[in-house]
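# Structural description and commentary
Here is how the chains run, residue by residue.
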Amino acid sequence: MSPAAPGRRGGDRPVLRPHDEALAAELVAAATDALESGGPSALSVRSLAGATGTTTQAIYSLFGGKAGLLDAVLAEGYAALAAQLAAVAPDRDPVRALVDLAGAYRAWALSHPALYGAMLAPRGRSVEGGGLRSDRDGSTVRADGRQASAVLAASREAMLGPLREQAARIVDEDRVHAPGSDAARERAGAIARGIRAAVHGWVELEVREAEDGPEPGEDASARTAADARFAEYAEALARGLAARVS
């Protein structure tokens, strides 16, 4: 009798990998790579299982299906963006600190356009239902209307942390509201959301323009000019939000 082929039992059945945390991490990494390199159409359950040496059943066992795997990918995206923001050394001026955070947010988003697009996909333009929004009752839901996983919702909130911290410093320094009061937290939250929403709009326009290809003759000097325009925009935005007393 000939020996069994490596990785097979009895010479004909593949040795199945255990459905554990290591496999889950590999599947998330493979799905992230597929999304970033090939776009949403590359997110095939069968191809992802093949790339990680497992079966499609592993995706259902570990994530409950393709949607659950996508939730995990988006959560990792928010975690990576949060890490980029957390790495920004806060300026002594909280308004300047917000400007720096806006720049870091933009840089990360432009470096990961497909993943970022999936993270922020609005209703009607989702990636397999990806993207998050806030429902009327304040809960976080997917763009397809179903409830987001707790991990995904928590990752999104953690990403906003650095923006909220600097917004809170602005509110504390202007002394309009008592530090820690509901009014102070509400205003700080409004500043953070305003910065994030405005920067997202700018980035989305840049990503769409990039999809159409670079302008004729575009070079490093053009990109430097684009960075300068964004810096001016972020500065005006941050100072405008900081000056608004509510």
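Just above sits the structure.
The present account deals with the structure reproduced in this document. Nothing here was measured: the structure is a model prediction, and the numbers come from that model.

Rules behind the numbers
- Residues numbered from 1 in each chain as written.
- Predicted model: local features only at pLDDT ≥ 70, side-chain atom pairs only at ≥ 80, totals over all residues.
- Heavy atoms only, no water.
- Helix = DSSP H or I, 4+ residues; strand = E, 2+ residues; numbered from the N terminus.
- Buried < 20%, exposed > 50% of the residue type's maximum accessible area, 1.4 Å probe, protein only.
- Contact = heavy atoms within 4.5 Å.
- Axes fitted to C-alpha atoms, helices over the stretch in contact; angles between N-to-C directions.
- Parallel < 35°, antiparallel > 145°, perpendicular 65-115°, else oblique.
- Left-handed = near helix turned anticlockwise from the far one by under 90°.
- Nonpolar A, V, L, I, M, F, W, Y, C, P; charged D, E, K, R; others polar.
- Core = buried A, V, L, I, M, F, W, Y, C linked by side-chain atoms within 4.5 Å.
- Polar contact = N/O pair within 3.5 Å; in protein donor to acceptor, adjacent residues only side chain to side chain.
- Salt bridge = Lys/Arg side-chain N within 4 Å of Asp/Glu carboxyl O.
- Phe/Tyr/Trp six-rings, centres within 6.5 Å; stacked < 30°, edge-to-face > 60°.

## Regarding the overall build of the protein chain
The helix and strand inventory of the protein chain stands at 10 helices and four strands. Counting helices and strands in the order they occur from the N terminus, the protein chain gives β-β-α-α-α-α-α-α-β-β-α-α-α-α. Of all 246 residues assigned to the protein chain, the portion counted as buried reaches 39%. Taking all contacts inside the protein chain whose residues are at least 6 apart in sequence as the whole, residues at least 24 apart take part in 59%.

## Focus: the packing of helix 5 (residues 94-111) against helix 10 (residues 220-243)
Taken N-terminus to C-terminus, the directions of helix 5 and helix 10 make an angle of 135°; their axes are 9 Å apart at the nearest point. Here helix 5 is positioned oblique relative to helix 10, judged by the angle of their axes. Crossing handedness for the pair helix 5 and helix 10: right-handed. Seen from helix 5, the contacting residues are Val 95, Arg 96, Leu 98, Val 99, Ala 102, Gly 103 and Arg 106; seen from helix 10, they are Ala 226, Asp 227, Phe 230, Ala 231, Ala 234, Glu 235, Ala 238, Arg 239 and Ala 242. Grouping the constituent residues of the contact of helix 5 with helix 10 by class yields 10 nonpolar, one polar and five charged.

## Things to note about the side chain of His 200
Residue placement: His 200 occurs in helix 9 (residues 182-211). What makes His 200 buried here is its relative accessible area of 16%. What His 200 contacts, discounting residues up to four positions off in sequence, is Tyr 105, Tyr 116 and Leu 120.

## Regarding the nonpolar core
Judged by nonpolar contacts, the single largest core of 60 residues is most densely connected at Leu 69, Leu 98, Tyr 105, Met 119, Met 159 and Ile 195. In terms of residues, this core owes the most to one element, helix 4 (residues 66-86), which gives 10 residues. With residues near it in sequence (within four places) discarded, Tyr 105 still touches Leu 81, Leu 85, Tyr 116, Leu 120, Met 159, Arg 196, Val 199 and His 200.

## What to know about the environment of Arg 196
As for its position among the elements, Arg 196 is in helix 9. Residues Arg 196 and Leu 160, 36 residues apart in the sequence, show an inter-C-alpha distance of 8.2 Å. One polar contact links Arg 196 to Tyr 105, side chain to side chain, over a distance of 3.3 Å.

## Some points on the environment of Ser 155
Position of Ser 155 among the secondary structure elements: in helix 7 (residues 150-159). Sequence spacing of Ser 155 and Ala 79 is 76 residues, and the spatial spacing of their C-alpha atoms is 5.9 Å.

## Section: the pattern of salt bridges
Tallied over the entire structure, the rule returns 10 salt bridges. For the salt bridge of Arg 17 with Glu 26, the shortest nitrogen-to-oxygen distance reads 2.9 Å. A relative accessible area of 35% places Glu 26 in the partly exposed class. Overlapping salt bridges bring together Asp 93, Arg 96, Asp 100, Glu 235 and Arg 239 as one network.

## Concerning the packing of aromatic side chains
Overall, the coordinates contain four aromatic pairs when judged by the stated rule. Taken together, a centroid distance of 5.6 Å and an interplanar angle of 70° make the contact between Trp 202 and Phe 230 edge-to-face. Of the two residues, Trp 202 is situated in helix 9 and Phe 230 in helix 10; the sequence distance between them amounts to 28 residues. Looking at Trp 202, the relative accessible area reads 22%, which means it is partly exposed. A ring pair is formed by Phe 230 and Tyr 233, whose centres lie 6.3 Å apart and whose planes are at 50°; its orientation type is tilted. Here Phe 230 and its partner Tyr 233 are both found in helix 10, three residues apart, which amounts to about one turn of the helix. Looking at Tyr 233, the relative accessible area reads 29%, which means it is partly exposed. Among the aromatic residues, ring-to-ring pairing joins Trp 202, Phe 230 and Tyr 233 into one connected group.

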